[in-house]
Amino acid sequence: MADSNSSTGTLPSDAAARGITKTLSGFVFQSYEIAENPVRQEYPDQQGAIKAGKQYDTRYDLTASVYSANASTDAPVTGDIFEFDGHKWLIDTCREAGTYNDLLRWSITAHRYTDFPK
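Everything in this summary refers to the structure shown in the same document. If you're wondering where the values come from, they're calculated on a predicted model, not measured in any experiment. (Residues numbered from 1 in each chain as written. Predicted model: local features only at pLDDT ≥ 70, side-chain atom pairs only at ≥ 80, totals over all residues. Heavy atoms only, no water.)

## Topic: the nonpolar core
Membership of the largest hydrophobic core comes to 15 residues, with the highest contact counts inside it found for Leu62, Phe82, Trp89 and Ile108. When contributions to this core are tallied by element, the ones reaching two or more residues are strand E1 (27–44), strand E2 (50–68), strand E3 (81–84), strand E4 (87–96) and strand E5 (105–113). At 4 residues, the largest contribution of residues to this core is made by E2. (Core = buried A, V, L, I, M, F, W, Y, C linked by side-chain atoms within 4.5 Å. Buried < 20%, exposed > 50% of the residue type's maximum accessible area, 1.4 Å probe, protein only. Helix = DSSP H or I, 4+ residues; strand = E, 2+ residues; numbered from the N terminus.)

Below, the structure is given as structure tokens:
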């Protein structure tokens, strides 16, 4: 039996976004994750117990797995900083993660703060 929506060109009501829309020039994302972590100043009392705190920044941590869109074996990021998702990121690691009979992959970890790097 044919899907009743297939001939009308409309999406079913339970349709969800698919794939990864983020890009890194010359590479294809297999996965990525961005964690958002508050940076806080904590205030202890005289006995050392934390009694108050205030968030003053946010740290963003990126973990990604990519492979080259062509036959290149060059690393996807080099140096200290690269641009991704409209922001500059400080590179923590860029590791080759190839496996036998599979694509040559790279694992990237990086971080940034709300206003650094610019």
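Now that the structure has been shown, the text picks up again.
## Examining the pairing of E3
Of the two faces of E3, the one lined by Phe82 and Phe84 is fully buried and the one lined by Ile81 and Glu83 carries no buried residue. Bridge count between E3 and E4: 4 bridges; the pairing is antiparallel. Across the sheet, Glu83 pairs through a bridge with Lys88, a residue of E4. In textbook terms, the turn of a hairpin is the stretch between consecutive antiparallel strands, and for E3 and E4 this stretch comprises 2 residues, one of which, Asp85, has a positive phi near 60°. (Pairing = 2+ DSSP bridges.)

## Looking at the packing of aromatic side chains
For the structure shown, the criterion picks out 4 aromatic pairs. Between the aromatic rings of Phe29 and Phe84, the centroid separation amounts to 5.3 Å while the plane-to-plane angle is 40°, which identifies the pairing as tilted. One end of the pair, Phe29, is in strand E1; the other, Phe84, is in strand E3, and 55 residues separate them in sequence. Exposure class is identical for Phe29 and Phe84. Each is buried. By relative accessible area, Phe84 is classed as buried at 1%. An aromatic cluster of at least three residues, connected via ring pairs, comprises Phe29, Tyr32, Phe84 and Trp89. It is Arg112 that lies over the ring of Tyr60; its NZ or CZ is 4.0 Å from the centre. The ring centre of Trp89 lies 5.2 Å from the NZ or CZ of Arg112, which sits over that ring. (Phe/Tyr/Trp six-rings, centres within 6.5 Å; stacked < 30°, edge-to-face > 60°. Lys NZ or Arg CZ within 6 Å of the ring centre and 35° of its normal.)

## Some remarks on the side chain of Ser65
Position of Ser65 relative to the elements: it lies in strand E2. The contacts of Ser65, once residues within four sequence positions are left out, are Val28, Phe29, Gln30, Ser31, Arg105 and Trp106. (Contact = heavy atoms within 4.5 Å.)

## Notes on unusual backbone geometry
Between Phe116 and the following residue, Pro117, the backbone shows a cis peptide bond with an omega angle of -5°. Structurally, Pro117 can be placed in the segment after E5. Look at Asp85: it is not a glycine, yet its phi comes out positive at around 60°. With respect to the helices and strands, the residue Asp85 is situated in the loop between E3 and E4. A relative accessible area of 35% places Asp85 in the partly exposed class. Even without a glycine there, the phi angle at Asn101 is positive, about 60°. Structurally, Asn101 can be placed in the loop between E4 and E5. The exposure class of Asn101 is exposed, given its relative accessible area of 71%.

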